[in-house]
Every structure is written in C-alpha cells, then in structure tokens.
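Secondary and tertiary structure notes
Chain residues, written in single-letter form:
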Amino acid sequence: VTLTLPRRAPEREGIAFLRTKETWLRRHLQDMKPATQVAVGQAVPFRGVPMPVTVAAGRRARIHHDHIAVSATSPAAPQVKALLRHAARDALVAASDRYAEQLGKPYSRLSIRDTRSRWGSCSSTGALMYSWRLIMAPAEVLDYVAAHEVAHLVEMNHQPAFWAIVRQLCPAYAQHRQWLKQEGDHLHRVIFDN
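Below is a short write-up of the structure. (Residues numbered from 1 in each chain as written. Predicted model: local features only at pLDDT ≥ 70, side-chain atom pairs only at ≥ 80, totals over all residues. Heavy atoms only, no water.)

A few words now on the sheet that holds strand β6 (residues 109-113). Reading across from one edge, β6-β8-β7 is the order of the 3 strands in this open sheet, with mixed pairing throughout. Of all strands in the sheet, those with a lone pairing partner are β6 and β7 (120-122), marking the two edges. Each adjacent strand pair in this sheet contributes to an overall mean axis angle of 15°, direction not counted. As defined by bridge partners, β7 adjoins strand β8 (residues 127-131) across 3 bridges and the pair is classed as antiparallel. Each residue of the ladder has a partner; that of Cys 122, found in β8, is Leu 128. Most of the contacts of helix α3 (residues 76-103) go to β6, to which it runs at about 145°, and overall it touches β6 and β8. (Pairing = 2+ DSSP bridges. Helix = DSSP H or I, 4+ residues; strand = E, 2+ residues; numbered from the N terminus. Axes fitted to C-alpha atoms, helices over the stretch in contact; angles between N-to-C directions. Contact = heavy atoms within 4.5 Å.)

With that settled, the discussion passes to the environment of Leu 103. Summarising the element assignment, Leu 103 is placed in helix α3. With relative accessibility at 18%, the residue Leu 103 sits in the buried group. In the structure, Leu 103 is positioned 90 residues away from Asp 193 in sequence and 39 Å away in space, judged by C-alpha atoms. (Buried < 20%, exposed > 50% of the residue type's maximum accessible area, 1.4 Å probe, protein only.)

On to the nonpolar core, then. Residues Val 80, Leu 84, Tyr 130 and Ile 135 are the most contacted members of the largest nonpolar core, which totals 53 residues. Looking at this core, the element that brings in the most residues is α3, giving 13 residues. Each residue touching Ile 135, except ones within four places of it in the same chain, is listed here: Phe 46, Arg 47, Leu 84, Ala 87, Ala 88, Ala 91 and Leu 142. (Core = buried A, V, L, I, M, F, W, Y, C linked by side-chain atoms within 4.5 Å.)

Take the sheet that holds strand β3 (residues 49-56) next. Backbone hydrogen bonds are what pair the strands of a sheet, in a parallel or an antiparallel way. Ordered by their spatial adjacency, 4 strands build an open sheet running β2-β3-β5-β4, and the pairing between neighbours is mixed. Both edges of this open sheet fall to β2 (43-46) and β4 (62-63), since each of them pairs with a single strand only. The sheet contact formed by β2 and β3 spans 4 bridges and is antiparallel. Bridge pairing in β3 places Pro 45 opposite Pro 50.

The residue Gln 79 is located in helix α3 in this model. Apart from the residues within four sequence positions on either side, Gln 79 is in contact with Ala 61, Val 70, Ser 71 and Ser 74.

So, on to the pairing of β8. Counted residue by residue, β8 has 5 buried out of 5 residues, so it is predominantly covered. Where β6 and β8 come together, 5 bridges link them in parallel fashion. For Ser 111, the partnering residue across the bridge sits in β8 and is Met 129. Hairpin connection between β7 and β8: a loop of 4 residues separates the two successive antiparallel strands, and Gly 126 in this loop has a positive phi of roughly 85°.

Next up on the list: the side chain of Arg 189. Assignment of secondary structure puts Arg 189 in the loop between α6 (173-188) and β9 (190-191). The buried category is assigned to Arg 189, whose relative accessible area is 12%. Polar contacts involving the side chain of Arg 189 include one to the side chain of Asp 185, which spans 2.6 Å. Looking at Arg 189, its side chain comes within polar contact range of the side chain of His 186, at 2.9 Å. Setting aside residues no more than four positions away along its own chain, Arg 189 makes contact with Lys 33, Pro 34, Ala 35 and Thr 36. (Polar contact = N/O pair within 3.5 Å; in protein donor to acceptor, adjacent residues only side chain to side chain.)

The volume enclosed by the largest pocket comes to roughly 400 Å³. What lines the largest pocket is a set of 18 residues, and nearest its centre among them are Arg 118, Trp 119, Gly 120, His 148 and Glu 149. Mapped by element, the contributors of at least two residues to the lining of the largest pocket are β7, α4 (139-151) and α6. Estimates place the volume of the second largest pocket at around 210 Å³. Around the second largest pocket, the lining comprises 16 residues; the ones closest to its centre are Val 44, Pro 45, His 186, Leu 187 and Val 190. Contributions of two or more residues to the lining of the second largest pocket are made by β2 and α6. (1 Å grid on protein atoms, 1.4 Å probe; cavity = no way out; pocket = protein on both sides within 12 Å on 5 of 7 lines; lining within 4 Å. Points joined across faces, edges and corners; volume = space filled by probe spheres on them.)

Encoded structure:
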C-alpha cells in the first residue's frame, strides 16, 4: 500500500485517513493473489494462454506455439520480457493500423510502455500509447484496447458518440472491457525483475 500526499499535507492527516480505510485495505490485501516471478519452469500468459518457460539449445529466445524458449546463457525474465514487448508492439501496431484505416483517421505515433494506471491512451495530437502487458491478455482484449484508443482519434471523450465508434470497431467491447476489470490485475502481477 502506498500513500501519496499533497506537498504540504501533514503526514498525520494521511495516517488518519489510512486508519479510516484500514478495514477496506486489509480486505483487499487478503484478496490479492501472489505475484509470479518469471523463471524457467513457470508459466507466463501469452495472448491469454499460459506458456511454460523452458530452456532452449540455442542462444536466442523464441515464442513457440506451446511454450517460450529462452537461452541458458542469461536470466529468463529479461528474455521473456523482451519477447513479449516485441510481440505486443507488433500486435498493437497491426490492430491500431486496421482500426485507424477503418475510420480513415491515422495516428501520429505509437509507443509501448509498462504502465500501471491505464492500458492505453490517445493524446490530442493522435499519439497512441499502450501497455505492453496487453500481449498477456486474450487477443480480443488487446484488440478492444486498440479499438478504444483509435476511437479517440474521432472522439476525445467517453460520451455516447465515442462508445458508438468503439461498438462499430469492436462489437463485443463490453465483454473485453469487463475482462480487463476482472482479470487485468493478473497481468501486473507477473514480475520480470529479479
């Protein structure tokens, strides 16, 4: 649990606030599932499917149809992270290109980050940003997030007109949005740092 206070707020007020939320915090902390450290022998979700991490004979890490193979010459976690980031970029560029073409609205650039607070964003200049962890979600969830952000190229809000565009691009968007609300924290509990 992290408490962030405004610059001049007294610490005692922050502690008092925490005390009023203690029961709620403890309940949510108990409900949290443990994090998974990426290592050989562990499974990492890829496009919604748990993929075991194995050691390959070569020096190059690869994603296969039923497992992720890493080199024995370096730690597994950074290799898996690099593979996932690359796969995420490819998938998000393809989805964003497809949706932007459907709308006739090109985006200005696309970046991939490891964000905690949002799965994607669209700036007023048309720059798209996505969390690379979306590659661990089912493919249709990643596509929904791309549709959502590309829809912002037309409507920079969340009014009914925006949701109509999202529905046009991704008819089952509500189901995929719900998946992120219910399961998205699992994607953040996969740890790639040693």
